[in-house]
Each structure stands twice: as C-alpha cells, then as structure tokens.
Amino acid sequence: MTYPTAVTPPDLEERRTLRKHYFRLAWIMITLVLVFTGLNTLIMNVSAMIMGGGFSKECIEAGKAILRSDPIMRSIYSYGFPIAADIAALAVGLLITKADLKSKLKTVGLSGKGFWNATAITFSTATAASFVNIIIIFAIMAAMGKLSQFNIESTTSASIAPKGNPLWLDVIIYIYICLLGPVLEELVFRGVLLEGLRKYGNLFGIIMSSVMFGLMHQNITQCIPAIAIGLVWSYIAVKSGSLIPSMLLHIINNTMSAVLLAVVQSVNLNDLTDITAILNVSVPLIIISAVITIFRLVCVIATIVIIARYCSKPHGRLVETNEYTRSRTVKYFFTSVPWLVIMIYLIYTTVTSISTIA
C-alpha cells in the first residue's frame, strides 16, 4: 500500500471520514470483548444462578463451582466463547473493512528462505520478550512486597488445558489451541483489523494491531510476548501480502507450547517411588525441553546473522512513513472514544491479572 508524499492536512470533510473510519473499526474489538468477556460472564452467571438455586452471592458461587467441576461446561466457557468471539469479530471486520481475505490465503507470500528468516525472528523475538516479561513481573511483585511468591512458572501460562478431561475432550481442546485458534486469531488481527488500521499508515497498523493482539489476551504473562511476536507477524503479513506465513508461525508457536506444557502436566514426581519410574516420566520432558531450547538458540543466532547482514547493506526503512500517514493516524485513533474505552478496559484487566500469580 502506497501513500501520497506531498499532502496537505486533512480538511473538515476528511477529518469526519477519518473519525468515522476509526469509530467503525472499533466494532471489531468491541465485538471481541462483548462476546469473549461480556456474553461469557452473563451466561455463566445466569447458569450459576440456575445451578446454585438462587440469586444470592452464595448461590451464584456454588453454581459456578458446579460448572467448573464439569469438564465439558468448563471447556465451553474457556474455549467455546473465544471461538465464538473470533468468528463474530471476523464477520464484523469483513463487513467493515471489505478485506479480500481470499487473495491473502491463495498466495504463500514467502520463499523457503524467507519463511526460515521469519521463523528465526519470530522465536528469537518471543524468547527475548519472555525474558523481559519475567523481569517486569519480578519488578511488579517486588513493588507489591510479594517477591517471596515469585517463581518462573508464575510468569508463563501454567496450564492451557484443564486436567481431568476425557481424552476426546482434550483432543478437541488441543485442536483449538494448536490449529483453530491460531487460524481464527490471524484472520481477525492480521486479516481484518490490520487491514483496517493500515489504511492510512502501514507502521501504525502494524503497531496498533499488535498491541490489541497482546492486550486481548488479558493476561500479564502473555501480553508482552504476544505484542512482540504480533509485530513480527503483522510486518510479515504486510510485506508478503499473505496470511499463510503468520498462520503457520502461530500454529508452530502454539503447538510447541502445548506439547511442552502437556508433558510438564504429565509429570508428577510426588507419586513416584523408584528411579526407573522417575526416568520413564522425566526423560520425555528433558528431551522435549532440550529440543525446544536448542531450536530457540538456533533462532537467536540466525536472527543475529540476519540483522548483521541487513545492517551491512544499503536499505530503506522497513516500513515507510511520511507526513500523510502521521497526520491521519495517531491523532484520530487516540481521540476515538470507543478505542479509548477498549484500551483502558484491556489495560486494566491485563494489569490486574497480576493478582492471579501474586
């Protein structure tokens, strides 16, 4: 997408168009939040009242306990509503942006070498962001006087699939985590949302769609890494003109996390009585952890080489920006009431999620 280089500030008519554009785009995120959080909470509370047999706080809490104890109901609230939210937001986004997703799914967008470079940068960025995330959470817990409760496990997703499910339900959950979820999220955030936000500036679209992607997790342990890799995936989507690379990278990222956490959850050293049993359950964990660690290390080294080669050659900016894009993005986005409300809400829920690990 190219933008005019010699421009005048937007006149009254264009200012109205800009405000209308960002107001309409906000409905993508509004839909996500309303279904993911609002509808989820409403239906859970109504169900809890019915299960608990009353409208009092005690009855509602008792009803919620019953719902959480049922694997199917627990999975519906944990995974069914996110799926519904993504589908609803995608539908709204397509109506608003008229994005041509079909063309973005027909082309691969990157060569084999290009995809390897994207993979290396993705996982080195994710690794660096995870370290930064640990430092930030460490600082927050220190400021709260709860440093004694700090541990590395508290800075990551402790469990992406509840324990105690029947096998068929776990299979469905992992299909969502490793395949359906990544595809839907890419369609929403790198498909319609990025497409709408980059109408007046690629750089602005890349940054803000990635920030929204991170904040929408509403989880302090995932927000910063999600923003970081979101920047990489958004840039790839813009430069390649395809959603296939970011979808594949998203699937790989989630699958690696799912496999590692599934193995971690399977290890319970408290129930083991001899060294043979310990080795039987811990060796797979050691092997998988080692493979993932080596893979990430290779990605970090490859990224250093990629950056060194990039810096050693004449080049332009990664993403062009000019007076046209600057005068039509930040001011109108950050004075849009719906976007301000959404961002304040998501920042609040993300920051306050520290209480779940503190």
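Residues numbered from 1 in each chain as written. Predicted model: local features only at pLDDT ≥ 70, side-chain atom pairs only at ≥ 80, totals over all residues. Heavy atoms only, no water.

**Considering the confidence of the model for the protein**
Threshold: Within a predicted model, pLDDT stands for the predictor's per-residue confidence, ranging from 0 to 100. Only runs of H or I of at least four residues qualify as helices and only runs of E of at least two qualify as strands under DSSP, and these elements are numbered from the N terminus.
Counting all residues, the mean pLDDT for the protein is 86, and 88% of those residues have values of 70 or more. The least confident element of the protein is helix α10 (residues 275-311), whose mean pLDDT is 83; the most confident is helix α7 (residues 202-215), at 96.

**A word on the pattern of salt bridges**
Oppositely charged side chains can pair when the atoms bearing their charge come close. This is how the line gets drawn: Salt bridge, as used here, is a side-chain nitrogen of Lys or Arg placed within 4 Å of a carboxyl oxygen of Asp or Glu. When accessible area is computed with a 1.4 Å probe and restricted to protein chains, residues below 20% of their type maximum are described as buried, those above 50% as exposed, and intermediate ones as partly exposed.
For the structure on display, the rule yields five salt bridges. For Lys104, the salt bridge is made with Glu195, and the minimal N-O distance between the two is 3.4 Å. Linking Lys104 in helix α4 (residues 101-106) with Glu195 in helix α6 (residues 167-197), this pair joins segments that are 91 residues apart in sequence. Since its relative accessible area comes to 21%, Glu195 is described here as partly exposed.

**Overview of the packing of α6 against α7**
For clarity, the cut-off: With axes taken as lines fitted to C-alpha atoms, and helix axes fitted only over the stretch in contact, angles between N-to-C directions fall between 0 and 180 degrees. Each angle receives one of four descriptions, namely roughly parallel if under 35 degrees, roughly antiparallel if over 145, roughly perpendicular if within 65 to 115, and oblique otherwise. When the near helix sits turned anticlockwise from the far one by under a right angle, the crossing is termed left-handed; a clockwise turn instead gives a right-handed crossing. In this description, contact between two residues means that some pair of their heavy atoms is separated by no more than 4.5 Å. Only Asp, Glu, Lys and Arg are considered charged, only Ala, Val, Leu, Ile, Met, Phe, Trp, Tyr, Cys and Pro nonpolar, and every remaining residue, Gly among them, polar.
In the contact formed by α6 and α7, the axes pass within 9 Å of each other and the chain directions differ by 140°. The angle between α6 and α7 falls in the class oblique. As α6 packs across α7, the resulting crossing turns out to be right-handed. Seen from α6, the contacting residues are Glu185, Phe189, Arg190, Leu193, Leu194 and Leu197; seen from α7, they are Phe204, Gly205, Ile206, Met208, Ser209, Met212 and Phe213. In terms of residue class, the contact of α6 with α7 is made up of nine nonpolar, two polar and two charged.

**Overview of the nonpolar core**
Selection rule: Nonpolar cores are built from buried Ala, Val, Leu, Ile, Met, Phe, Trp, Tyr and Cys residues. Side-chain atoms within 4.5 Å join them into one set.
Tyr22, Met29, Phe189, Leu197, Met212 and Trp339 are the most contacted members of the largest nonpolar core, which has 54 residues in total. Top contributing element to this core by residue count: helix α1 (residues 12-52), with 10 residues. Those residues in contact with Tyr22 that sit more than four places away from it in its chain are Leu197, Tyr200, Phe204, Arg328, Thr329, Tyr332, Phe333, Ser336 and Trp339. Judged by nonpolar contacts, the second largest core, of seven residues, contains Tyr79, Ile177, Cys178 and Ala258.

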